[in-house]
Structure formats: C-alpha cells, structure tokens
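Listed here are the chains, written in short residue letters.
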Amino acid sequence: MGFRLPSIIKRSSSSKSVGVPKGYLAVYVGKDMKRFVIPISYLKQKSFQELLNQAEEQFEYDHPMGGLTIPCKEEVFLDITSNLN
C-alpha cells in the first residue's frame, strides 16, 4: 500500500504491478530504485527536465527497471519535486 506525499504517490518496490492513474507517470529513483508515481505536469518543469537529461545521459533508452529511471538520490528527487507543488 502506498501513501501520498504532496503531489507524489510513493509505492514500495513490491507493488510494480499496481497501475498508474491517468495523468501520472511511474519513475524509479535512487540506489534502491524506489518507485514514485508523479503527475505528468512535472515533465514541463525546468528542474525536472534536468533530471530527465541526467537519465538520458546515463541510461539512454535502456532503463533497467523497465520504466523511467532517475539517477539521483531519493532525497534530491524529493527536494526537487516538493518545490514543484
């Protein structure tokens, strides 16, 4: 079972089969590849686009979790996304 952070839905890594609501995107973050479900509106934000650029540089189109993998620490991701609300 997940819990809701401000505009972020955090789910444990064991809930990969759980669907993503319309208007949201699943991403994997950090060393433990924690899954977060974020609003797709974040994709327009400059700070989030910088994270996407890092993902492109590191993984190109080969994301190990099968979904979008963001190569940063979980704390950094949470800090960035909390400022997008």
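Placed above this text is the structure.
Report on the accompanying structure. (Residues numbered from 1 in each chain as written. Predicted model: local features only at pLDDT ≥ 70, side-chain atom pairs only at ≥ 80, totals over all residues. Heavy atoms only, no water.)

### Quick look at the packing of aromatic side chains
Applicable threshold: Pairing of aromatic rings covers Phe, Tyr and the six-membered ring of Trp, with a centre-to-centre limit of 6.5 Å; geometry is then stacked below 30 degrees between planes, edge-to-face above 60, and tilted otherwise. Only protein chains enter the calculation, and the probe is 1.4 Å; a residue is then buried if its accessible area is under 20% of its type maximum, exposed if over 50%, and partly exposed in between. Here a strand is any run of E in DSSP of at least two residues, a helix any run of H or I of at least four, and the numbering for each starts at the N terminus.
By the definition in use, this model includes three aromatic pairs. Both rings, one in Y42 and one in F48, keep their centres 6.1 Å apart while their planes meet at 55°; by these two values the pair is tilted. Each member of the pair, Y42 as well as F48, is classed as buried. Their ring planes at 65° and their centres at 6.3 Å tell us that F48 and F77 sit as a pair that is edge-to-face. Of the two residues, F48 is situated in helix 1 (residues 46-59) and F77 in helix 2 (residues 74-82); the sequence distance between them amounts to 29 residues. In this structure F48 comes out as buried when scored by relative accessible area, which is 0%. Of the aromatic side chains, those joined through ring pairs into one cluster are F36, Y42, F48 and F77.

### Structural notes on the nonpolar core
Nonpolar side chains in soluble globular proteins tend to end up buried together. Going by this rule: Remark: nonpolar core denotes a set of buried residues (Ala, Val, Leu, Ile, Met, Phe, Trp, Tyr, Cys) joined through side-chain atoms within 4.5 Å. Any pair of residues with heavy atoms lying within 4.5 Å of one another is described as a contacting pair.
The biggest cluster of nonpolar side chains holds 14 residues, and the ones touching the most others in it are V27, V29, I38, F48, L51, I70 and F77. Listed by contribution, the elements that provide at least two residues to this core are strand 3 (24-29), strand 4 (34-39), helix 1, strand 5 (68-70) and helix 2. In terms of residue count, helix 1 provides more of this core than any other element does, three residues in total. If sequence neighbours within four positions are ignored, F77 has contacts with V27, V29, F36, I38, F48, L51, I70 and C72.

### Remarks on helix 2
The periodicity of an α-helix, 3.6 residues per turn, causes residues three or four positions apart to be oriented the same way. The following threshold applies: The reported arc concerns the directions from the helix axis to the C-beta atoms and nothing else.
Restricting attention to buried positions, one finds in helix 2 the residues E74, F77, I80 and T81. Viewed along the axis of helix 2, the buried residues span an arc of 130°, placing them on a single side of the element.

### Some points on the pairing of strand 4
The test is simple: Any two strands with at least two DSSP-identified bridges between them are counted as paired.
Where burial is concerned, most of strand 4 is hidden: five out of the six residues are buried. Where strand 3 and strand 4 come together, six bridges link them in antiparallel fashion. For L25, the partnering residue across the bridge sits in strand 4 and is I38. Linking two consecutive strands that pair antiparallel, namely strand 3 and strand 4, is a turn of four residues; a positive phi of about 85° is found at G30 within it.

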